[in-house]
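# Residue-level structural notes
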Amino acid sequence: MAYSDILPRAYADSIALENEATQIRAYFPQLITAMLQTPAYAHAIISSSPRAEAQKDADALVQVRQARKAVLTRVSGPVALRTVIDESALHPRSGSTSDVMRDQLLSLLDMSERGNVSIRVMPLDAPVHSGLTSNMTVMDFRHPWPSLVTIDHIRGGVFLDQPADVSAFSAEFDAVYDSALPVDDSREVIKKYMKGNFHDR
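Residues numbered from 1 in each chain as written. Predicted model: local features only at pLDDT ≥ 70, side-chain atom pairs only at ≥ 80, totals over all residues. Heavy atoms only, no water.

### Quick look at the overall build of the protein
Note the following rule: Elements are defined by DSSP. Helices are runs of H or I of four residues or more, strands are runs of E of two residues or more, and each kind is numbered from the N terminus. Pairs of residues are marked as contacts when any of their non-hydrogen atoms sit within 4.5 Å. Shrake-Rupley sampling with a 1.4 Å probe provides the accessible areas, and residues are treated as covered by the protein chains on show and by no other component.
For the protein, the count of helices and strands is eight helices and six strands. Ordered by position from the N terminus, the helices and strands of the protein form the series α-β-α-α-α-α-β-α-β-β-β-β-α-α. Within the protein, contacts between residues at least 6 apart in sequence are counted, and of these 73% link residues at least 24 apart. Approximately 10300 Å² of the protein is accessible, and the part contributed by carbon and sulfur atoms is 55%.

And the structure:
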C-alpha cells in the first residue's frame, strides 16, 4: 500500500477492509466523513493536529484520504456509503476560508447524487442522541464474512468484531441515521450553507 510507512497499522488495515466492504455506515460527530472530504478540507483538519508527524506528513495523508474515495466511484461494485453529518460540521470553521467550505459542500452535493451514497444531516435542533458520544464506522461484507466496527482515535483506531459489539453499534448507527433529516431535506440544508444562508435555520 502506498504510504504504508507513515500509516498506523490499524489505519492501513481499515483502508484495506474498505476495499472489500459492500456497505459502510459512518458517523463522525463535528466532522464531515473522511471519505467525503475534499483535499483542502482534509488538509485543514490533518494539519491542525498538534502531533509533529501529522503536520510533517499532511500532504501524504491527504492523498491517502482522497484515494479512499475510489471505492465509492469504481465502475464495478462500488461500496454503498450511508453517513450522517452534524449540521454544525457544515458551518464555516475557524481558520478555514469560505472557498474551502463552499467547495467541500459542493462536493457533498455531487457525491449525494450517486445512487450508492446516502448523506443525512443531523439538525442543530435535534434531540440529544446517543451517537454524540463516539464516532463509529460499521463495515458489511459479502457472505460469509461478518460485519465489523472501527472506532477511530489519534493513533489509528480499534476494531470490534464480536457479534454483540457489532450488533450494538449497528443499532446505534441506525438510530442516529433515522433521527437525521431525510436525504432530500439534507441536500437542501447543504445548499443553504453553500450559499451562506446558514442563519436561515
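### Digging into the environment of Phe173
Looking at the element boundaries, Phe173 is found in helix α7 (residues 163-179). For Phe173 and Val138, which are 35 residues apart along the polypeptide, the C-alpha to C-alpha distance reads 8.1 Å. Setting aside residues no more than four positions away along its own chain, Phe173 makes contact with Arg25, Ala26, Tyr27, Arg82, Thr83, Val84 and Met136.

### Let's talk about unusual backbone geometry
Looking along the chain, the bond that leaves His143 and enters Pro144 is cis, with omega of 15°. Note that Pro144 resides in the loop between β4 (136-140) and β5 (148-153).

### Side note on the packing of helix α2 (residues 39-47) against helix α4 (residues 58-67)
What counts is decided by this rule: To get an axis, a line is fitted to the C-alpha atoms, and for a helix only the part in contact is used. The angle between two axes follows their N-to-C directions and goes from 0 to 180 degrees. Reported orientations rely on four angle classes, namely roughly parallel under 35 degrees, roughly antiparallel over 145, roughly perpendicular from 65 to 115, and oblique for the rest. Two helices cross in a left-handed way if the nearer one is turned anticlockwise from the farther one by less than a right angle. They cross in a right-handed way if the turn is clockwise.
Contact geometry of α2 with α4 gives a least axis separation of 9 Å together with a crossing angle of 130°. Taken together, the axes of α2 and α4 are oblique relative to one another. With respect to the hand of their crossing, α2 and α4 are arranged in right-handed fashion. In this structure, α2 contributes Pro39, Ala42, His43, Ile45, Ile46 and Ser47 to the contact, and α4 contributes Ala58, Asp59, Leu61, Val62, Arg65 and Gln66.

### Some remarks on the nonpolar core
How we decide: As used in this record, nonpolar core signifies buried Ala, Val, Leu, Ile, Met, Phe, Trp, Tyr and Cys residues forming a set joined through side-chain atoms within 4.5 Å. Three labels apply to residues, based on accessible area from a 1.4 Å probe with only protein chains included: buried if under 20% of the type maximum, exposed if over 50%, partly exposed otherwise in between.
With 31 residues, the main nonpolar core has Ile24, Leu36, Leu72, Leu90, Leu108 and Ile190 as its most contacted residues. At the level of elements, β1 (23-27), α5 (70-73), β2 (80-86), α6 (98-112), β3 (117-122) and α8 (183-194) are the ones that each hand at least two residues to this core. For this core, the leading source of residues is α6, giving six residues. Leave out the neighbours within four places in its chain, and Ile24 touches Glu18, Met35, Val79, Ala80, Leu81, Arg82, Thr137, Val138 and Met139. Counting 13 residues, the second largest nonpolar core, distinct from the first, contains Tyr27, Met136, Val176 and Tyr177.

### So, the environment of Gly157
Within the secondary structure, Gly157 is located in strand β6 (residues 156-160). Gly157 gets classed as buried once you look at its relative accessible area, which sits at 18%. Gly157 sits 146 residues away from Tyr11 along the chain, and the two C-alpha atoms are 6.6 Å apart. In contact with Gly157, not counting residues within four places along its chain, are Ala10, Ile151 and Asp152.

### A look at the pattern of salt bridges
Note the cut-off: Here, a salt bridge means any Lys or Arg side-chain nitrogen found within 4 Å of an Asp or Glu carboxyl oxygen.
Summed over all chains, the structure comprises eight salt bridges. Residue Asp174 pairs with Arg25 through a salt bridge whose shortest N-O separation is 3.5 Å. Taken together, the positions of Asp174 in helix α7 and Arg25 in strand β1 put the pair 149 residues apart, joining distant regions of the chain. Judged by relative accessible area, Arg25 falls into the buried class, the value being 7%. Notably, a salt bridge pairs Glu188 with Lys191, separated by 3.4 Å at the nearest N-O pair. Residue Glu188 and its partner Lys191 are located together in helix α8, separated by three residues, close to a single helical turn.

### Some remarks on the side chain of Lys69
For the record, the criterion: Charged residues are defined narrowly, with Lys and Arg counted positive, Asp and Glu counted negative, and His plus the chain ends left uncounted.
In this structure, Lys69 sits in the loop between α4 and α5. It turns out Lys69 is buried and unbridged, and the closest side chain with the opposite charge, Asp110, is 9.7 Å from it.

Limitation: the analysis is restricted to geometry and does not speak to function.
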